[in-house]
Each structure stands twice: as structure tokens, then as C-alpha cells.
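Remarks on the overall topology
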Amino acid sequence: MARLRIIAIDPGKNGSIAVREGPEIISIENMPQTPRDIFISLSEAASSIDCDNIVCYLEKVGAMPGNGAVSMFSFGQNFGMLQMALAALSIRTVEVRPNIWEKTLGLTDKKGTPKQEHKNRLKAAAQRLFPNIKVTHANQDGLLISEYAYMQEK
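Only a predicted model underlies this, so the values are computations on that prediction, with no experimental measurement involved. (Residues numbered from 1 in each chain as written. Predicted model: local features only at pLDDT ≥ 70, side-chain atom pairs only at ≥ 80, totals over all residues. Heavy atoms only, no water.)

1. Quick notes on the sheet that holds strand β2 (residues 16–21)
The five strands lie next to each other as β3-β2-β1-β4-β5, forming an open sheet whose pairing is mixed. Each having just a single partner strand, β3 (24–30) and β5 (92–96) make up the two edges of the open sheet. On average, each strand axis in the sheet is inclined to that of its neighbour by 20°, with strand direction left out of account. Summarising the sheet, strand β1 (residues 5–10) and strand β4 (residues 54–59) pair through five bridges and their orientation is parallel. Paired with isoleucine 9 across the two strands is leucine 58, which belongs to β4. Strands β1, β2, β3 and β4 of the sheet are contacted by helix α1 (residues 35–46), whose axis makes an angle of about 155° with β1. (Pairing = 2+ DSSP bridges. Helix = DSSP H or I, 4+ residues; strand = E, 2+ residues; numbered from the N terminus. Axes fitted to C-alpha atoms, helices over the stretch in contact; angles between N-to-C directions. Contact = heavy atoms within 4.5 Å.)

Okay, structure coming up:
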């Protein structure tokens, strides 16, 4: 049986796309910035594999206090482009909320923890899990979502 390929996506403008097979990360890239580049990136991630052996875990984030209308509209557009590209490529997609994957990985913080402190904690956790990858704030969530997906799909 072929190994399952997992695509894990943090859909924010400063997010990332991680691709893995089993415990191995095949690629990690910052979120492409145009609809065409998003489609090309996902097409490459799905190339050379039967669509029955691929799954995408797409982070489903809602509006956050302090985010402006333009920012949220832009985010929603990006999320929609990702959904359409995944559908066009016939990639099975699982939407997962941040609080779910963070809780499963033991990465929830106390209410009121400053955002930057939380992000630094996530980055450190991703670096521990993937010591051979240069973890950044842009790619940390994609890597961590891939770990969550790997645990769910085992």
C-alpha cells in the first residue's frame, strides 16, 4: 500500500504549506501570494500520487478581535482560493480549528497569554519536533498542523 501524503496548510498571508509522507517532511514553503501560485504549489504537492493517497488538513480560523475588515476579507479570499484549488485537484480536505490541533499537541496556553509569547512557544515546539528544518514564525503552524494530521491519519 502506498504511503499517505499529507498537506498541512496555515492559510494566513504569512502562513505556510507543509507536505509530508509518514514522519518525513517533504517540503515546507511560505504561503504563495497569488491564486495561480497557490494552485501550482498544491498541484506540485499532489503530483505523482493517486488522489486516494493524499489528504489536506486546512486550518479553519475565524475572525479575531482586533483584525480589521480588509484583513479579514483578504484572509477569507485566501481560504476560499485554497478550498477551490483543493477541490479542483480532488484532494480530500479536513478543516481543523487551531484550538483543536493545539490542544491535541499539548500547546494550549492560559487565557490572556500574550500572542507573541504563544507564537514563540509554538515555534519552539515545532523546532523540537523538526530539528533539521529552519522553523520560522511563518512556517511553524504548517509544520505543527502536519504533526497533528500525521497523528490523526496513523
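Let us keep going from here.
2. Quick look at the nonpolar core
If you look at the biggest cluster of nonpolar residues, it comprises 22 residues, and the most contacted ones within it are Tyr57, Trp101, Leu143 and Leu144. Those elements that place two or more of their residues in this core are β1, β4, α4 (115–129) and α5 (140–153). When residues of this core are assigned to their parent elements, the largest contribution, six residues, is made by α5. Discounting chain neighbours no more than four positions away, the residues touching leucine 143 are Ala18, Ile25, Ile28, Phe130, Ile133 and Val135. (Core = buried A, V, L, I, M, F, W, Y, C linked by side-chain atoms within 4.5 Å. Buried < 20%, exposed > 50% of the residue type's maximum accessible area, 1.4 Å probe, protein only.)

3. Focus: α1
An ideal rise of 1.5 Å per residue puts 16 Å on twelve residues; α1 measures up with 17 Å between its terminal C-alpha atoms. Looking only at α1, the buried set comprises Ile38, Ser41, Leu42, Ala45 and Ala46. One side of α1 holds all its buried residues, which, seen down the axis, span an arc of 130°. Pointing more than 90 degrees away from the buried face of α1 are the exposed residues Arg36 and Glu44. Taken from the residues just after α1, serine 48 is the one with a positive phi, measuring 60°. (Expected span 1.5 Å × (residues − 1). Arc of directions from axis to C-beta.)

4. Section: the side chain of aspartate 10
As for its position among the elements, aspartate 10 is in strand β1. In this structure, aspartate 10 is buried with no salt-bridge partner, the nearest side chain bearing the opposite charge being lysine 119 at 5.5 Å. In contact with aspartate 10, not counting residues within four places along its chain, are Gly15, Ser16, Met31, Glu59, Ala138, Asp141, Gly142 and Ile145. (Lys, Arg positive; Asp, Glu negative; His and termini not counted. Salt bridge = Lys/Arg side-chain N within 4 Å of Asp/Glu carboxyl O.)

5. A look at α5
With 14 residues, α5 ought to run about 20 Å at 1.5 Å a step, and its terminal C-alpha atoms sit 20 Å apart, in line with that. Among the 14 residues that make up α5, eleven are buried, leaving the element largely enclosed by the rest of the structure. Inspection of α5 places Gln140, Asp141, Gly142, Leu143, Leu144, Ile145, Ser146, Glu147, Tyr148, Ala149 and Tyr150 among the buried residues, and these make up the whole buried set.

6. Description of the pairing of β2
Counting buried residues in β2 gives six out of six residues, a clear majority hidden from the surface. In β2, alternate side chains face the same way, and those of Ser16, Ala18 and Arg20 on one face and Ile17, Val19 and Glu21 on the other are all buried. The pairing of β1 with β2 spans six bridges and is antiparallel. When the bridges of β2 are listed, isoleucine 7 appears paired with valine 19. Connecting β1 to the next strand, β2, in antiparallel fashion are five residues. Relative to β3, β2 runs antiparallel, the two being bridged by six bridges. Bridged to alanine 18 within β3 is isoleucine 28. What sits between β2 and β3 in their antiparallel hairpin is a turn of two residues, with glycine 22 showing a positive phi close to 60°.

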